[in-house]
Amino acid sequence: MTTPRIDFELKPSAHPLSAAERETVLADPGFGRHFTDHMVTISWTEGRGWHDAQLRPYAPLEVHPSNMILHYAQTIFEGLKAYRQPDGSVATFRPDANARRFQNSARRLAMPELPVETFVEACDLLVRQDADWVPGSGEESLYLRPFMIANENGLGVRPASEYLFIVIASPAGAYFPRGVKPVSVWLSEEYVRAAPGGMGAAKTGGNYAGSLAARAAAMEQGCDEVVWLDAVERRYVEEMGGMNLYFVYGEGSDARIVTPELTGTLLPGITRDSLLNIAQDMGFGTGEARISTDEWRTGNADGTLTEVFACGTAAVITPVGEVKSAHGQWLVGDGEPGPITKRLREALLAVQTGRAPDPHGWMHQLA
Ligand SMILES: *Cc1c(COP(=O)(O)O)cnc(C)c1O
């Protein structure tokens, strides 16, 4: 079945921020604090499908207190970045992969699937309209947040009959403005993020709501982040609740780079997938496997496990420097960012910022 093309109605803002005001924001954007002049919205209604696609001014939504989204949390989201390219153009990184993951998340939450090409077109429209908001240099980017919410008024647990898809955009500064800094992590044995059969592979707000108490517990232990373990044995490493994890065994050209396998309870990160490819391109051995906390501890103790890092769209790659658990704590290597972690980070950023060839065709060029 072919999907009918959706036409977007263009209603640009009559009052965009002045160039001077925008430049003030772009001088120190931070992350997720400022939003561009526009957003894209598309409605879905049972029996009618997708309709009323619009590019329009960024503005508050009107939500009734009985809106099902506020009660039953049918909500999914994505995150991807648009980077300024050396020739001044703008390109997004693998938007089709985000679109497909968005469809998978929608299926898990019994929401309608947005066609991949409509998802990508919505992102393209917003980036083109607000292209002046894409920062000019290096690791800075325009972060895109496509999301979908239930949009039907009434109580009663069932899939909503109406939904709203929205894309907003936020300029993002370099994640590590003062150099890459390793994080310390807490192995969470008390709380779990996702159980088999749950929604761990879907990008949905509920997974984040459930993670906040664990994050607070990690911070009480003096750690920056939580590492989630499998729900059944509380033994196998899953992910970092917003970033996937990688383990580097050995050194130099003999290094082998392993990431926890996709068991259905962790989020299939696009950065994770991209790094598997890049590591292979660079000649490293790669693997997807179950990795236990015991293997992590003994590997660091005997030196076979040399580096550990987390990866995701926001930070690209973050080294893990120190691990703490209820049973003790240890350093990863010497606690500093490792050479392979740094090489992989630089290699991926070079593709994203157009400083290196793009052999996998990941960059989606916008005029
Ligand atoms: C988004 C996300 C990631 C990272 O995915 P990317 O596509 O690489 O940004 C990892 N874990 C969770 C829970 C996430 O929500």
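A quick note: this is a predicted structure, and the numbers were derived from the prediction, not measured. Note on numbering: residues in each chain are counted from 1, in written sequence order. Only residues with pLDDT of at least 70 are given local features in this predicted model, and only at 80 or more are side-chain atom pairs given and counted; all residues enter the totals for whole chains, interfaces and linings. Each side-chain value is worked out from all heavy atoms of the structure, with water and hydrogens disregarded.

Colleague: Please provide a residue-by-residue account of the overall build of the protein, values included.
Modeller: Only DSSP runs of H or I reaching four residues or more are called helices, and only runs of E reaching two or more are called strands; each is numbered from the N terminus. Secondary structure assignment for the protein yields nine helices and 18 strands. In this description the radius of gyration comes from C-alpha coordinates, and the expected globular size is given by 2.2 Å times residues to the power 0.38. Expected size for 367 residues packed as a compact globule is a radius of gyration near 21 Å; at 21 Å, the protein falls within 12% of this value. Taken along its principal axes, the extent of the C-alpha atoms in the protein is 60 × 50 × 40 Å. Each residue gets one of three labels from its accessible area relative to the maximum for its type: buried under 20%, exposed over 50%, partly exposed in between, using a 1.4 Å probe on protein chains only. By residue count, 52% of the 367 residues in the protein fall in the buried class. For the protein, the proportion of contacts with a sequence separation of at least 24, taken over those separated by at least 6, is 72%. In the form shown here, the protein has an accessible surface area of approximately 16,400 Å², with 51% of it arising from carbon and sulfur atoms. Only four residue types enter the tally: Lys and Arg on the positive side, Asp and Glu on the negative side, with His and both chain ends excluded. By convention, the point assigned to a charge is CZ for Arg, NZ for Lys, CD for Glu and CG for Asp. Across the protein, 32 positive and 46 negative side-chain charges occur, with their mean positions spaced 1 Å apart. Note on contacts: a residue pair qualifies if any of its non-hydrogen atoms lie within 4.5 Å across the two residues. For accessible areas, the Shrake-Rupley method is used with a probe of radius 1.4 Å. Any residue's cover is judged against the shown protein chains and nothing else.

Colleague: Explain the site of the ligand to me, and be specific about the residues and the numbers.
Modeller: Every one of the 14 residues lining the ligand counts as a neighbour, but Lys 203, Tyr 208, Glu 239, Thr 271 and Thr 313 are closest to it. With respect to the ligand, the side chain of Lys 203 contributes an N or O atom lying 2.6 Å from an oxygen atom. For the purposes of these results, a polar contact is taken to be a pair of N or O atoms within 3.5 Å, where, inside protein, one atom must be able to donate a hydrogen and its partner to accept one; residues adjacent in sequence count only when each atom of the pair is a side-chain atom. Take Ile 270: an N or O atom from its main chain is 2.8 Å from an oxygen atom of the ligand. Just so you know the grouping, Ala, Val, Leu, Ile, Met, Phe, Trp, Tyr, Cys and Pro go in nonpolar, Asp, Glu, Lys and Arg go in charged, and all remaining residues, Gly too, go in polar. Here the shell around the ligand is composed, by residue class, of four nonpolar, six polar and four charged. Definition of nearness: a residue and a molecule or strand are near each other if at least one heavy atom of the residue lies within 4 Å of the molecule or strand.

Colleague: Please give an account of the domain arrangement of the protein that cites residues and values.
Modeller: Much of the literature gives interface size as the accessible area that the parts lose upon coming together. Taken domain by domain, the protein consists of domain 1 (8-172) and domain 2 (183-352). Each partner contributes residues to the interface: domain 1 has 21 residues there, and domain 2 has 21 residues. Buried area: the sum, over both parts, of the accessible surface (1.4 Å probe) that disappears when the two are put together. Summed over both sides, the interface between domain 1 and domain 2 buries roughly 1,800 Å², with carbon and sulfur atoms accounting for 58% of that surface. On the domain 1 side of the contact with domain 2, Phe 77, Phe 93 and Arg 101 bury the most area, a combined 33% of that side's loss. Salt bridge, as used here, is a side-chain nitrogen of Lys or Arg placed within 4 Å of a carboxyl oxygen of Asp or Glu. Along the contact surface separating domain 1 from domain 2 lie two salt bridges. Linking Glu 139 and Arg 345 is a salt bridge whose minimum nitrogen-to-oxygen distance equals 3.1 Å. Domain ranges listed in this record stem from an automatic or a database domain assignment.

Colleague: Quick rundown of a nonpolar patch on the surface? Include the residues and the values.
Modeller: Patches in this entry comprise residues that are over 30% relatively accessible and not in a salt bridge; like charges within 9 Å are linked, as are nonpolar side chains (Val, Leu, Ile, Met, Phe, Trp, Tyr) within 5 Å. Taken together, the side chains of Leu 61, Val 63 and Leu 70 present a nonpolar region at the surface, about 240 Å² in accessible area. Within the fold, Leu 70 resides in helix 2 (residues 68-72).

Colleague: Go over the pattern of salt bridges with me, naming the residues and quoting the values.
Modeller: Opposite charge on two side chains permits pairing when their charged atoms draw close. Summed over the entire model, instances satisfying the criterion amount to 13 salt bridges. For Glu 113, the salt bridge identified is with Arg 107, shortest N-O distance 2.9 Å. On the basis of relative accessibility, which here comes to 32%, the residue Glu 113 falls in the partly exposed class.

Colleague: So, the UniProt feature "modified residue: N6-(pyridoxal phosphate)lysine" (unreviewed entry) in the protein: which residues are in play, and what are the values?
Modeller: Within this structure's numbering, the places UniProt gives as "modified residue: N6-(pyridoxal phosphate)lysine" (unreviewed entry) are Lys 203. Sequence-distant contacts of Lys 203, that is, excluding residues within four places in its chain, are made with Thr 75, Ile 76, Phe 77, Glu 78, Gly 79, Arg 101, Ser 105, Tyr 208 and Leu 267. UniProt positions are given in the numbering used here, feature names are shortened, and annotations may be inferred rather than shown by experiment.

Colleague: So, the side chain of Thr 36: which residues are in play, and what are the values?
Modeller: Structurally, the position occupied by Thr 36 is in the loop between helix 1 (19-27) and strand 2 (38-45). Look at Thr 36 and you get buried, because its relative accessible area is 3%. Every residue in contact with Thr 36, bar those within four places of it in the chain, is listed here: Tyr 58, Leu 126, Asp 130, Trp 133, Leu 142 and Ala 169.

Colleague: Mind laying out the packing of helix 7 (residues 270-281) against helix 9 (residues 339-352), listing which residues take part and the relevant values?
Modeller: Lines are fitted to the C-alpha atoms to define the axes, a helix being fitted only along its stretch in contact, and any angle between axes, read from their N-to-C directions, falls within 0 to 180 degrees. Between helix 7 and helix 9, the shortest axis-to-axis distance is 10 Å and the interhelical angle comes to 105°. Viewed along their axes, helix 7 and helix 9 adopt a mutual orientation that is roughly perpendicular. Residues Thr 271, Ser 274, Leu 275, Ile 278 and Ala 279 of helix 7 pack against Leu 344, Ala 347 and Leu 348 of helix 9. Residue classes in the contact of helix 7 with helix 9 are distributed as six nonpolar, two polar and no charged. Angles are sorted into four bins: roughly parallel if under 35 degrees, roughly antiparallel if over 145, roughly perpendicular if 65 to 115, and oblique for all others.

Colleague: Describe the pairing of strand 3 (residues 49-57), naming the residues involved and giving the relevant values.
Modeller: Should DSSP find at least two bridges between two strands, the strands are taken to pair. As judged from the two bridges shared by strand 1 (residues 9-10) and strand 3, these two strands associate in the parallel manner. Opposite Glu 9, over in strand 3, you have Gln 54 as the bridge partner. Judged from the seven bridges that link them, strand 2 and strand 3 form a sheet pairing that is antiparallel. For His 38, the partnering residue across the bridge sits in strand 3 and is Pro 57.

Colleague: Break down the packing of aromatic side chains for me, citing the residues and quoting the values.
Modeller: The geometry of two aromatic rings is summed up by the distance between their centres and the angle between their planes. Each Phe, Tyr or Trp ring (for Trp, its six-membered ring) is paired with any other whose centre lies within 6.5 Å, and the angle between the two planes then decides the class: stacked below 30 degrees, edge-to-face above 60, tilted in between. Scanning the model with the defined rule gives eleven aromatic pairs in all. Look at Phe 93 and Trp 362: their rings are 5.7 Å apart centre to centre, the planes differ by 80°, and that puts the pair in the edge-to-face class. A residue pair is termed long-range when its members are at least 10 positions apart, and Phe 93 in strand 6 (residues 90-93) and Trp 362 in the loop between helix 9 and strand 18 (363-366) qualify at 269 residues. The same class applies to Phe 93 and to Trp 362, which are both buried. Taking 6.0 Å as the distance between ring centres and 45° as the angle between the ring planes, the aromatic pair formed by Phe 119 and Phe 165 counts as tilted. On the criterion of sequence distance, the pair formed by Phe 119 in helix 4 (residues 116-129) and Phe 165 in strand 8 (residues 162-172) is long-range, its members being 46 residues apart.

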